Amino acid sequence: MRGSRVVALGHYQPAKVLTNDELAAMVETSDEWIRSRVGIRTRHVAGPDEPVDELAAHAGAKALAAAGLTPADIDLVLVATSTAVDRSPNTAARVAARLGMGAPAVLDLNVVCAGFTHALATADHAVRAGSSTRALVIGADKMTAITDWTDRTTCVLVGDGAGAAVVEASREELIGPVLWGSVPEMGHAVRIEGTPPVFAQEGQAVYRWATTQLPPIARRVCERAGVTPEELAAVVLHQANLRIIEPVARKIGAVNAVIARDVVDSGNTSAASIPMALSKLVERGEIATGDPVLLFGFGGNLSYAGQVIRCP
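Computed from a prediction, not measured in an experiment: that's the story for all the values here. (Residues numbered from 1 in each chain as written. Predicted model: local features only at pLDDT ≥ 70, side-chain atom pairs only at ≥ 80, totals over all residues. Heavy atoms only, no water.)

## Some details on the sheet that holds strand 12 (residues 258-259)
Right, on to step 1. Across the sheet, which stays open at both edges, the 5 strands sit in the order 8-14-13-11-12 with mixed pairing between neighbours. At either margin of the open sheet sits one strand with a lone partner, and together these are strand 8 (179-182) and strand 12.
Right, on to step 2. One ladder, built from 8 bridges, connects strand 13 (residues 292-299) with strand 14 (residues 303-310); its direction is antiparallel. When the bridges of strand 14 are listed, Leu294 appears paired with Val308.
Right, on to step 3. Across the face of the sheet, helix 7 (residues 203-225) comes into contact with strand 8, strand 13 and strand 14 while running at roughly 145 degrees to strand 13.
Right, on to step 4. Running at roughly 150 degrees to strand 11 (residues 234-237), helix 10 (residues 273-283) makes contact with strand 11, strand 12, strand 13 and strand 14 of the sheet. (Pairing = 2+ DSSP bridges. Helix = DSSP H or I, 4+ residues; strand = E, 2+ residues; numbered from the N terminus. Contact = heavy atoms within 4.5 Å. Axes fitted to C-alpha atoms, helices over the stretch in contact; angles between N-to-C directions.)

Following this line, the structure appears as structure tokens:
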């Protein structure tokens, strides 16, 4: 086996939906203000009895079912999250327990909004190296639990959810090489700090960095995968803000691609945003098996990671 592939996907969101009008009753804002600045109209909110590992397990179970696999078929669980409450057992271990797995390796990754693409790359490397046969990769976050609901610049952004992918060995490289990195000196631009932890960001700094620095990096991801931006069938960026997603996608040059805009209905779900958006595109039939898709996560730590995969 030369490489790895994504076999199947799954996603999960809590039942409760919070609209812009409902937010306007909680903080000084309006539907028009939110839509014009970030493009979001609704987001899903998990209750106090719905922890991150539960969201992750629901998405993982759906991915396994779509792949026609059982929990016993998985020997590595990777969960990208920055909103887990407890340090041990980690979220991956709790997901494995919820799903009734045997004895998988269990790892959490905290790269905030770029977490899923980092985790997918890690699974790809593990499968290529032969240390894993089949991995379950999940991005899951409960951003509403770390939000200051009196801060209208951040509370309008966030939502909760999870997305998952099953990765296994392949004779072809159907998960392309990752390109990843960070800007450590600007890590303060996106923060989850304090006790209890609270999400905060410097919105203008993030916007300028994302719209100017990330498009050439995303084009280099395509080069590493041996595809041109024009050949991409879809572009799935971290669902941070529609005013970031649309200009970045345009500057990449993916003129024939479907652009994921799940942020409109789901808000910013951090590590969950890319797998959730991708799973929905596949579920709706907007991309076909074998199509090249650019995945590109960015955000907290001012970190980024991207790869081109072939649609399962």
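## Focus: the packing of aromatic side chains
Right, on to step 1. Inspection of the entire model under this criterion finds 2 aromatic pairs.
Right, on to step 2. On the numbers, 6.4 Å between centres and 40 degrees between planes, the contact of Phe296 with Phe298 is tilted. For the residue pair Phe296 and Phe298, the accessibility class agrees, reading buried in each case.
Right, on to step 3. Taking relative accessible area as the criterion, Phe296 reaches 1% and is therefore assigned buried.
Right, on to step 4. Taken together through their ring pairs, the aromatic side chains of Phe296, Phe298 and Tyr304 make up a single cluster. (Phe/Tyr/Trp six-rings, centres within 6.5 Å; stacked < 30°, edge-to-face > 60°. Buried < 20%, exposed > 50% of the residue type's maximum accessible area, 1.4 Å probe, protein only.)

## Here we look at the pairing of strand 4 (residues 76-80)
Right, on to step 1. Strand 4 sits mainly inside the fold: 5 of its 5 residues count as buried.
Right, on to step 2. Covered by surrounding structure in strand 4 are Leu76, Leu78 and Ala80 together with Val77 and Val79, the residues of both alternating faces.
Right, on to step 3. As paired strands, strand 4 and strand 5 (residues 105-109) are joined by 5 bridges and run parallel to one another. Along strand 5, the bridge assignment pairs Ala80 with Leu109.
Right, on to step 4. With helix 4 (residues 91-99) bridging strand 4 and the parallel strand 5, this β-α-β connection has right-handed handedness.
Right, on to step 5. Bridging between strand 4 and strand 6 (residues 134-142) involves 5 bridges; their strand directions are parallel. Looking across to strand 6, one finds that Leu76 is bridged to Ala135. (Right-handed = clockwise from strand over helix to strand, strands pointing away.)

## Quick look at the pairing of strand 1 (residues 3-12)
Right, on to step 1. For strand 1, the tally of buried residues reaches 8 of 10 residues, placing the bulk of the element in the interior.
Right, on to step 2. Relative to strand 7 (residues 160-170), strand 1 runs antiparallel, the two sharing 9 bridges. Paired with Tyr12 across the bridge in strand 7 is Ala162.

## Comments concerning the packing of helix 7 against helix 8 (residues 242-252)
Right, on to step 1. Contact pair helix 7 / helix 8: the axes reach a minimum separation of 9 Å and the direction vectors enclose 35 degrees. Considering how the two elements wind past one another, helix 7 and helix 8 form a crossing that is right-handed. Only Arg243, Ile244, Pro247, Val248, Lys251 and Ile252 of helix 8 make contact with helix 7, whose side of the interface consists of Tyr207, Ala210, Thr211, Pro215, Ala218 and Arg219.
Right, on to step 2. Its residues assigned to classes, the contact of helix 7 with helix 8 shows 8 nonpolar, 1 polar and 3 charged. (Left-handed = near helix turned anticlockwise from the far one by under 90°. Nonpolar A, V, L, I, M, F, W, Y, C, P; charged D, E, K, R; others polar.)

## A short note on the layout of surface pockets
Right, on to step 1. One number sums up the size of the largest pocket: a volume of about 820 Å³.
Right, on to step 2. Contributions of two or more residues to the lining of the largest pocket are made by helix 3 (52-67), helix 4, strand 5 and strand 9 (190-193).
Right, on to step 3. Of all the elements, strand 9 adds the most residues to the lining of the largest pocket, at 4 residues.
Right, on to step 4. Residues of the lining of the largest pocket, tallied by class, amount to 13 nonpolar, 10 polar and 8 charged.
Right, on to step 5. For the second largest pocket, the calculated volume is near 530 Å³.
Right, on to step 6. Lining the second largest pocket are 28 residues, and of these Thr153, Leu157, Gln201, Gly203 and Asn241 lie nearest its centre.
Right, on to step 7. Taken together, the elements giving at least two residues each to the lining of the second largest pocket come down to helix 2 (31-38), helix 6 (152-155), strand 10 (198-201), helix 7, helix 8 and strand 13.
Right, on to step 8. Sorting elements by how many residues they give to the lining of the second largest pocket places helix 7 first, with 4 residues.
Right, on to step 9. Class assignment for the residues of the lining of the second largest pocket results in 14 nonpolar, 11 polar and 3 charged. (1 Å grid on protein atoms, 1.4 Å probe; cavity = no way out; pocket = protein on both sides within 12 Å on 5 of 7 lines; lining within 4 Å. Points joined across faces, edges and corners; volume = space filled by probe spheres on them.)

## With respect to the side chain of Glu168
Right, on to step 1. In this fold, Glu168 is placed in strand 7.
Right, on to step 2. At a separation of 2.5 Å, a polar atom in the side chain of Glu168 contacts the side chain of Arg5.
Right, on to step 3. Reaching out from Glu168, the side chain makes a polar contact with the side chain of Arg134 at a distance of 2.9 Å.
Right, on to step 4. Apart from residues no more than four positions distant in its own chain, Glu168 is found in contact with Gly3, Ser4, Arg5, Val7, Val127, Thr133 and Arg134. (Polar contact = N/O pair within 3.5 Å; in protein donor to acceptor, adjacent residues only side chain to side chain.)

## Comments concerning the environment of Leu242
Right, on to step 1. Looking at the element boundaries, Leu242 is found in helix 8.
Right, on to step 2. Considering only alpha carbons, one finds Leu242 and Asn256, 14 residues apart in sequence, at a separation of 19 Å.
Right, on to step 3. Sequence-distant contacts of Leu242, that is, excluding residues within four places in its chain, are made with Val38, Gly39, Pro247, Arg261, Val263 and Val264.

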